[in-house]
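Summary of the model geometry
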Amino acid sequence: MIPGLAIFLLREDQVITRTTLNVLGALTKLALIAAMVLGVYRGQLYETRFPLMPGFDLVLHASALPMLFVVLSAVLWLITTIYAIGYLERSPGRSRFFGFFSVCVSATTGIALSGNLFTFVLFYELLTLATYPLVVHRGTREALRAGKIYLAYTLTGGTVLMVAVVWMHAVVGPFDFMEGGALATHFEDHRQALTILFWVMVASLGVKAALVPLHGWLPVAMVAPAPVSALLHAVAVVKAGAYGIVRLVYDVYGITFVRDLGLGTGLAIWASITIIYASLRALSQDKLKRMLAYSTVSQVAYIILGVGLGGPLASVGGIVHLVHQGVMKITLFFCAGNLAETLGIHRISQTRGVARRMPWTMAAFTVGALGMIGVPPLAGFISKWSLGTGAAASGSPWALAVLAISSALNAAYFLPVVFRAYFQEPLRPWPRESEAERFETHLSLLLPPVITALFVIAMGLAASSTWSPLSWVELLVARIYPGPASGAGGM
Amino acid sequence: MSSLPLISAAIWVPLLGALFVSLWPRRYAALWGMGAALVSATSALGLVVAVAVAGPRRERLGGWGAPAGIELWVDGLSALMIAMTAVVGLVISVYAVAYFRAADGAADSERREIDLRREAYFWRIWLVVWAAINAVFASADLFNLYVTLEVVGLGAVALVALAGGRALPAAMRYLFVTLSGSLLYLLGVVLIYSEGGTLALFQAGEMLVVGALSQAALVVMVVGLALKTALFPLHFWLPPAHADAPAPVSALLSALVIKVTFYILVRLWVVVFPPEVSQPVGEILMILGLVAVIWGSWRALRQERLKMLVAYSTVAQVGYLFLVFGLGPRADGSAGWQAGAYFAISHACAKGAMFLAAGAIARAVGHDQIEEMRGVGAQLALPFFAFGLGGISLMGLPPSGGYVSKWLFITSAAATGDVIVVVAVALGGLLAAAYVFRVLALAFERAPREGAPPLRPIPSTLGWAALALGAVAVALGLAAGAPLALLEVGLPFGQSLAEGVTP
């Protein structure tokens, strides 16, 4: 079972071949994953082991938490591929783009499925390499500068991470990820070294997860084409960092060990600072994509907050936000891309009255925005509710205040966009597309945001059904917190 | 199978090839040269497989054994080095066929005559150098090492001089360096002989006594070989020599020739000199290596010519090689040595790919000024991709041989507590990323090329050959098991990794 290694490096120029291969690849992968999800649900474990160096195996391991991330990336990949095909129509270098796009998704899948730190680092660095060509795809001076900054941040982070991982192996020897924590039981005697290592690793992962003050690359990287930004923010890079921290806490250190060392609170405080700071910065942006970037910084920190707070409820909130934020943010980026591509709108001040010209796009945007704010019954509400109750349950009421403030800030920067779009007169009449198009924009640009917006609604409404991410996460958290605590997990 | 003289064949086949190239008229040089390269690579790989399957091999030339006769000995380390030479040598040969033929189109007959002569010389010298490199790796005798080393050095100088023009002063300097390096080495051999009365590599160690004489022997040999390997601060000759040579020559100098002297040093360390003598020198070499990593990378970052950048990167990478003389003896088992050997082969593939790619790019653009290459990426995607693959290995990013060796380095440095090595290796990787991406950014930039002459067409073989080596560099990161297992054959470093590091 190695779907992650199915790399489609397409170099040919035929549009049809490439498109078919792309979509087929995405679909095949989805089918494979669906089969694996069923298996994991029944408690089966898939594992591939492949010795790379003496003592270090490449381990791919599918259990509940990885599957969550894999499903997310596979579904959103399919949708983004469709979007990208429409978005990049008639622009040069498409073969290169989709080639690296596929490598990027393979790396993400590899990150998701990695069964030990060695494998994780390997795919984590591969992801950096695969995303650089996507970031600089436009080839302008600005794009190249952004690429340089992006590399400076992520490569430094990656190197620090690698050193930390090697150091950890030197301290405790090779080990695999384990539900419940691989280090938890045996290594009481290395407390100090492991505490330092924890912070070093969180900081290096925090570069990709864009924890303040390590977030500098993210707003700059916004020069990338919209599908790239969408993927970067929703599943690939930022999430890889957040996911890494999640695995570090649950599967390497183990939640009890983290609590024992008193690391969780620090993590939660760091996340809170990020949430508030990034929301404030988002408030003062005029460029739509930059605003979304800062919003990502703050939203991803929710995941870390949930993990840091500890306790089953907060964990559910944090991990489920991994999925919810991905779907919501990808919707918003698709919409921003549509506005830019169809009408040339890049700034928030230009969005007056745009809803009349592009009603479907703006409807999707509104759903995404409301979800971000946490309006019931959308997906964002579910994660915020879990986080909130979790914060109260784990005795950190200050986190409730953080959540409240950030929700208010979210509203403050998202609602004006929605308001302008619907209720203000346009500055001048919108240009009509000269071609006789039946829809407000190209169909392959329009469908993806609408579909993901529907996901946002569905995930909120049907949160308690068996197949929702929430139930999956509860299943997962129940496995992480054994014993009596699991009762609390099953709300 | 064990009765076949496989080791001698690895040396004789390229020599015979050189002979054939010389015997036939010049216009057949490429044909015979390529044929000889194919047969040489095949026979060398046959030797490697035989060693991997049946263990180390020994051959006595003319039936005389050590200490009087010439003895050839191939264990895992030698086999790995011979395999590296075969793979890189074969790709360079393919590249060279296209590289030297591309000048065929020259209109006037005098120019064409010069090109033909240059091609013929290249094949003759290159095949001799190939034979000599294999001979170094197979020699079990200090004096024999000297002779073969001298052949490699002189051949390399002649190859640099092939480029003519500004390469001539560089070749001259290189000549002095390689001659004095060999002489210093010879002086060391004489000292060892006067002390122990033997030249056999594996017997000299038992005869040597710890003392001033053996210390002196070690120091002169180390200075001579470090000079030839271009260890900081003795690297001054390398960048011009490697950058101004024709592209296939640059590739084989950086990939193979400097590894020869490194290999001899490793042998001296492991089997000849007792640790009491070599330990302090090893510490100094490690520190010089650390400085080289940082200094070479920094200089590479500041270069304006593409091939100079790649050449300075070699200075930096040589620094990594010399880390093993500090780490190797200290690390558990053979982890440190293995890191060095693995680094040597992955650097050979990566740097070979980069020099070949740089040569292809320079030929298409007509110069190798980095600043004036903006906007050429779209037409030269293949060589840039090859450059990138090699670059990944230099940066030590996965999946690549460079990543595996970096991991091994950091692991053994962490185990011995050499924090400064960890920091330098990490920093060196980042600096490598800085200079590699400085070039790769060119490939992605879409700048108008106003006033610039149009690109010259280049044979696609140039790009594909570079890509092939780049692919090998990446493959070394995905299948590290087999080469590392080969390194265990005959236990060249004493204790095995399997017993040493992994619990």
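As a reminder, the structure under discussion sits directly above these lines.
In what follows, the accompanying structure is described. (Residues numbered from 1 in each chain as written. Chains lettered and ligands numbered in written order. Predicted model: local features only at pLDDT ≥ 70, side-chain atom pairs only at ≥ 80, totals over all residues. Heavy atoms only, no water.)

**Description of the overall build of chain A**
Going by this rule: Here a helix means four or more residues in a row that DSSP labels H or I, a strand means two or more in a row labelled E, and each is numbered from the N terminus. To sort residues, take the accessible area from a 1.4 Å probe on protein chains only and compare it with the maximum for the residue type: under 20% means buried, over 50% means exposed, and anything in between is partly exposed. Throughout, a residue-residue contact means that at least one pair of heavy atoms, one from each residue, lies within 4.5 Å.
A count of helical and extended segments in chain A gives 20 helices and 2 strands. Looking at chain A as a whole, 63% of its 491 residues are labelled buried. Considering only intrachain contacts with a sequence separation of at least 6, the fraction spanning at least 24 residues in chain A is 80%.

**What to know about the side chain of S182(B)**
Residues and elements named next belong to chain B. Basically, it comes down to this: We call two N or O atoms a polar contact when they sit within 3.5 Å, provided that within protein one can donate a hydrogen and the other can accept it, with sequence-adjacent residues counted only if both atoms are side-chain atoms.
Note that S182 resides in helix α6 (residues 167–196). Separated by 2.7 Å, the side chains of S182 and E150 make a polar contact. The contact partners of S182, leaving out residues within four places of it in the chain, are Y146, E150 and K228.

**As for the pattern of salt bridges**
Opposite charge on two side chains lets them pair, provided their charged atoms get close. All names here are of chain B. Rules: The rule for a salt bridge is simple: a side-chain nitrogen of Lys or Arg has to be within 4 Å of a carboxyl oxygen of Asp or Glu.
With the rule as written, the count across this model stands at 6 salt bridges over all chains. Ionic pairing is found between D75 and R267, a salt bridge with its closest N-O pair at 2.7 Å. Highlighted residues: D75 in the loop between β2 (71–74) and α3 (76–101) and R267 in helix α10 (residues 247–272), separated in sequence by 192 residues. Residue class for R267 comes out buried when judged on its relative accessible area of 4%. With a shortest N-O distance of 3.3 Å, R305 and D368 are connected by a salt bridge.

**Details of the packing of helix α13 (residues 312–343) of chain A against helix α16 (residues 379–393) of chain A**
All names here are of chain A. The line we're drawing: Between the N-to-C directions of two axes lies an angle of 0 to 180 degrees, each axis being a line fitted to C-alpha atoms and, for a helix, fitted only over the stretch in contact. Roughly parallel refers to an angle under 35 degrees, roughly antiparallel to one over 145, roughly perpendicular to one between 65 and 115, and oblique to any angle outside these ranges. Crossing handedness is defined as follows: a turn of the near helix away from the far one that is anticlockwise and smaller than a right angle gives a left-handed crossing, while the clockwise case is right-handed.
For the pair α13 and α16, the least separation of the axes is 8 Å and the interaxial angle reads 160°. In terms of orientation, α13 and α16 fall into the roughly antiparallel class. The element α13 and its partner α16 pack so that their crossing is left-handed. Contacts from L313, A314, V316, G317, G318, V320, H321, H324 and M328 of α13 reach α16 at A379, G380, I382, S383, S386, L387, T389, G390 and A393.

**Things to note about the interface of chain A and chain B**
This is how the line gets drawn: Accessible area that two parts lose when put together, evaluated with a 1.4 Å probe and summed over both, is termed the buried area.
Each side of the interface is counted separately: chain A has 35 residues, and chain B has 32 residues. Summed over both sides, the interface of chain A with chain B buries roughly 3,000 Å², with 78% coming from carbon and sulfur. Our count for the chain A to chain B interface comes out at 0 salt bridges. Summed over the shared surface of chain A and chain B, the number is 0 residue pairs in polar contact (both at pLDDT 80 or more).

**Digging into the environment of G33(B)**
Locating G33(B) in the fold gives a position in helix α2 (residues 29–54). On a C-alpha basis, the gap between G33(B) and A243(B) in space is 24 Å, while along the polypeptide they are 210 residues apart.

**Overview of the nonpolar core**
Quick reminder of the rule: Buried Ala, Val, Leu, Ile, Met, Phe, Trp, Tyr and Cys residues that are joined via side-chain atoms within 4.5 Å together make up what is termed a nonpolar core.
In this structure, M168(A), Y253(A), F122(B), L142(B), Y185(B), F273(B) and F325(B) are the most contacted members of the largest nonpolar core, which totals 364 residues. The element that contributes the greatest number of residues to this core is helix α13 (residues 335–365) of chain B, accounting for 20 residues.

**Side note on helix α15 (residues 401–416) of chain B**
All names here are of chain B. Here is the rule: Any helix carries an expected span of 1.5 Å times its number of residues minus one.
With 16 residues, α15 should reach 22 Å at 1.5 Å per residue; the first-to-last C-alpha distance of 23 Å fits that figure. Among the 16 residues that make up α15, 13 are buried, leaving the element largely enclosed by the rest of the structure. After α15 finishes, the residue G417 shows a positive phi value of roughly 80°.

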